[in-house]
There are 2 protein chains.
Amino acid sequence: MLGPAITAGDYPPGSVLRTDELAQRFEVSRSVMREAVRVLESMHLVESRRRVGVIVRPAAAWNVYDPQVIRWRLAGADRPRQLRSLTVLRSAVEPVAAALAATHATAEQCAAITECAIGMVAHSRGHKLEGYLLHDVAFHRLILTASGNEMFARLGDVVEEVLAGRTHHEVMFDDPDPAAVTLHVQVAEAIREGDAARAEHLTREITEGALKELDILAP
Amino acid sequence: MLGPAITAGDYPPGSVLRTDELAQRFEVSRSVMREAVRVLESMHLVESRRRVGVIVRPAAAWNVYDPQVIRWRLAGADRPRQLRSLTVLRSAVEPVAAALAATHATAEQCAAITECAIGMVAHSRGHKLEGYLLHDVAFHRLILTASGNEMFARLGDVVEEVLAGRTHHEVMFDDPDPAAVTLHVQVAEAIREGDAARAEHLTREITEGALKELDILAP
DNA sequence: TCGCAAATAAATCTGACTTTTTCTTGGCGC
DNA sequence: GCGCCAAGAAAAAGTCAGATTTATTTGCGA
């Protein structure tokens, strides 16, 4: 596909492509290729200009919040850089989201969050990494949703990608750090009790741990 | 246009549209309408299904980080809600970005940030709101860029929309709050001196001020 | 140097054809 | 008579290819 190729940096910024040529290369009609180009254009990956062609835009212009772009880039070569960027974003957003969740979460949401934390504990020993991941993702997603902020809520997919990436692609033979598991349980507690400051502080510890983990893996 | 209509909530989730009908309504050919639908689909605003039509997706599915979607929603009816969401996002991201900028910014970037702060001071009195806005936007954009995190850098447009919205649409007869201007100058100082903690704290004060301002305008 | 004309590639339009999915209808067994 | 399943019809998206339009760049000539 073209999207992965562009996000991988196969075409330097300013490269010019022509739709008919692309249509031939991918063995589709021009209309199909046009639609694809229009989508890439809406992602700011390329820019279409009359009499010139389809121009590849510099990485700084890409809409890096587009889930599709995130997936393409995570599958590509600069995956480590991308993972770091996303983890830093997490470290900024999640503590604030947890603080908001502490004041906004409904009783049902509190119950669900606690349930996830319990699930994490239950899968924290004995190489049950998949089950652990499942509850971990649900835990963070619930908090982002419970914050009541739609911008935060939409980052659930990003968190999922980052956590899944850590489990599947990076080295992760051992069971998760018991201290991290405890932190999750305590965050659930804080949110339940409506203690925003504590929820924020504890979540910050979690995300800082994730950052440190990245430093160890890819210094 | 269709994008604004959907983001405005004119079509309840699940509404079914047909491309041929839309093409007629907007007086364009089917191919053009198809391309438009494909773009809306990439924004997760709609979902196209064979034998059914183009289905409007619920707001929770929309890619609210797409600059185009942000603009459409800011122009629509739930502008206040949107502004609040974005301001909360700012309050999470900008302090962390400022801390990173304090350790990552080059000498040139420090100079540019300081220059903007000076510009803000110069335009802070005498109803020079436009000039003030210009420097304010540049200031925050520079910090986001200097953080060295591409995800932060791409939020420059969001900050611009929020700040511009405050100046143009909300009531803003008076000159900006002198305390806020001073905070900006101090943030520039902190970044120059590499004092991450101070830059983060001061930026948090700025964004908290922005949130309080929203509370006063639309409680 | 300025303006006009030619060339070029995207943009648009159109009509025919294909594919997939859903709805309907008819037949069969209970 | 009622319910269920399968075959077929219908509907709308998806695909394709050819013709036409439009805008922009380039180069030629005044």
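Residues numbered from 1 in each chain as written. Chains lettered and ligands numbered in written order. Predicted model: local features only at pLDDT ≥ 70, side-chain atom pairs only at ≥ 80, totals over all residues. Heavy atoms only, no water.

Turning to the overall build of chain A, a few remarks are in order. The number of helices and strands found in chain A is 11 helices and three strands. Ordering the α and β elements of chain A from the N terminus gives α-β-α-α-β-β-α-α-α-α-α-α-α-α. For chain A, the spread of C-alpha atoms along the three principal axes comes to 65 × 35 × 30 Å. Restricting to contacts in chain A with at least 6 residues of sequence separation, those with at least 24 account for 64%. Total accessible area on chain A is roughly 10,500 Å²; 55% of this is exposed by carbon and sulfur atoms. (Helix = DSSP H or I, 4+ residues; strand = E, 2+ residues; numbered from the N terminus. Contact = heavy atoms within 4.5 Å. Areas by Shrake-Rupley, 256 points an atom, 1.4 Å probe, with all protein chains shown as cover.)

This part takes up the protein's contact with DNA strand C. Near DNA strand C you find 18 residues, and of these A:Arg34, A:Arg51, B:Ser29, B:Arg30 and B:Arg51 are the closest. The sugar-phosphate portion of DNA strand C accounts for 69% of its atoms within 4 Å of the protein, the bases making up the rest. With respect to DNA strand C, the side chain of A:Arg34 contributes an N or O atom lying 2.9 Å from a phosphate oxygen. Between DNA strand C and B:Arg30 there is a distance of 2.4 Å, counted from a base nitrogen to a side-chain nitrogen or oxygen. Elements with a minimum of two residues in the surface near DNA strand C: helix H2 (19-25), helix H3 (30-42) and strand S2 (46-49) of chain A together with helix H3 (30-42) of chain B. A per-element tally of the surface near DNA strand C places H3(B) first, with three residues. Of the residues assigned to the surface near DNA strand C, the class counts are three nonpolar, five polar and 10 charged. (Near = heavy atom within 4 Å. Polar contact = N/O pair within 3.5 Å; in protein donor to acceptor, adjacent residues only side chain to side chain. Nonpolar A, V, L, I, M, F, W, Y, C, P; charged D, E, K, R; others polar.)

Let us look at unusual backbone geometry. Residue and element names in this part refer to chain B. You will see that Glu27, though not glycine, has its phi angle at about 55 degrees, which is positive. Mapping Glu27 onto the fold places it in the loop between helix H2 (19-26) and H3. On the basis of relative accessibility, which here comes to 71%, the residue Glu27 falls in the exposed class. (Buried < 20%, exposed > 50% of the residue type's maximum accessible area, 1.4 Å probe, protein only.)

Another aspect to go through is the packing of H3(A) against H3(B). The interhelical angle for the contact between H3(A) and H3(B), taken along N-to-C directions, is 45 degrees, at an axis separation of 9 Å. By the angle between their axes, H3(A) is oblique relative to H3(B). H3(B) is crossed by H3(A), and the crossing has right-handed handedness. Where H3(A) approaches H3(B), its residues A:Arg34, A:Glu35, A:Arg38, A:Val39 and A:Ser42 are matched on the opposing element by B:Arg34, B:Glu35, B:Arg38, B:Val39 and B:Ser42. In terms of residue class, the contact of H3(A) with H3(B) is built from two nonpolar, two polar and six charged. (Axes fitted to C-alpha atoms, helices over the stretch in contact; angles between N-to-C directions. Parallel < 35°, antiparallel > 145°, perpendicular 65-115°, else oblique. Left-handed = near helix turned anticlockwise from the far one by under 90°.)

Once chain A is rotated about the relating axis by 180 degrees and shifted along it by 0.1 Å, it coincides with chain B to within an RMSD of 0.1 Å. On the angle and the small slide along the axis, the relation comes out as a two-fold axis. A share of 100% of interface residues in chain A that are also interface residues in chain B marks the association as one of identical surfaces. (Least-squares fit on C-alpha atoms with pLDDT ≥ 70 in both.)

So, about the interface of chain A and chain B. For interface size, the figure often reported is the accessible area lost on association. Between chain A and chain B, the residue contacts involve 31 residues of the former and 31 residues of the latter. Between chain A and chain B, roughly 3,000 Å² of surface is buried when both sides are summed, and carbon and sulfur atoms account for 58% of that area. In terms of surface lost to chain B, no three residues of chain A exceed A:Tyr65, A:Met151 and A:Arg154, which account for 25% of the buried area on that side. With its nearest N and O atoms 3.1 Å apart, the salt bridge here joins A:Arg73 to B:Glu150. Linking chain A with chain B are 17 residue pairs in polar contact (both at pLDDT 80 or more). For the side of chain A that touches chain B, the elements supplying multiple residues, two or more each, are H3, helix H4 (67-75), helix H5 (79-104) and helix H8 (150-153) of chain A. (Buried area = accessible area lost by both parts, 1.4 Å probe. Salt bridge = Lys/Arg side-chain N within 4 Å of Asp/Glu carboxyl O.)

Another aspect to go through is the protein's contact with DNA strand D. The local shell around DNA strand D holds 19 residues, among which A:Ser29, A:Arg30, B:Thr19, B:Arg34 and B:Arg51 are the closest. For DNA strand D, the fraction of protein-proximal atoms (within 4 Å) that sit in sugar or phosphate groups is 70%. Here a base oxygen of DNA strand D and a side-chain polar atom of A:Arg50 are 3.4 Å apart. With respect to DNA strand D, the side chain of B:Arg34 contributes an N or O atom lying 2.9 Å from a phosphate oxygen. If you list the elements that add at least two residues to the surface near DNA strand D, you get H3 of chain A together with H2, H3 and strand S2 (46-49) of chain B. Broken down by element, the residue count for the surface near DNA strand D peaks at three residues, all from H3(A). Its residues placed into classes, the surface near DNA strand D shows four nonpolar, five polar and 10 charged.

This part covers the pairing of strand S3 (residues 53-56) of chain B. Residue and element names in this part refer to chain B. Bridge count for strand S1 (residues 16-17) against S3 is two bridges, and the pairing is antiparallel. Paired with Val16 across the strands is Ile55, a residue of S3. With four bridges joining them, S2 and S3 adopt antiparallel strand pairing. Each residue of the ladder has a partner; that of Val46, found in S3, is Val56. Linking S2 back to S3 in an antiparallel pair, the connection comprises three residues, with Arg51 at a positive phi of about 65 degrees. (Pairing = 2+ DSSP bridges.)

Nothing here speaks to function; it is geometry throughout.
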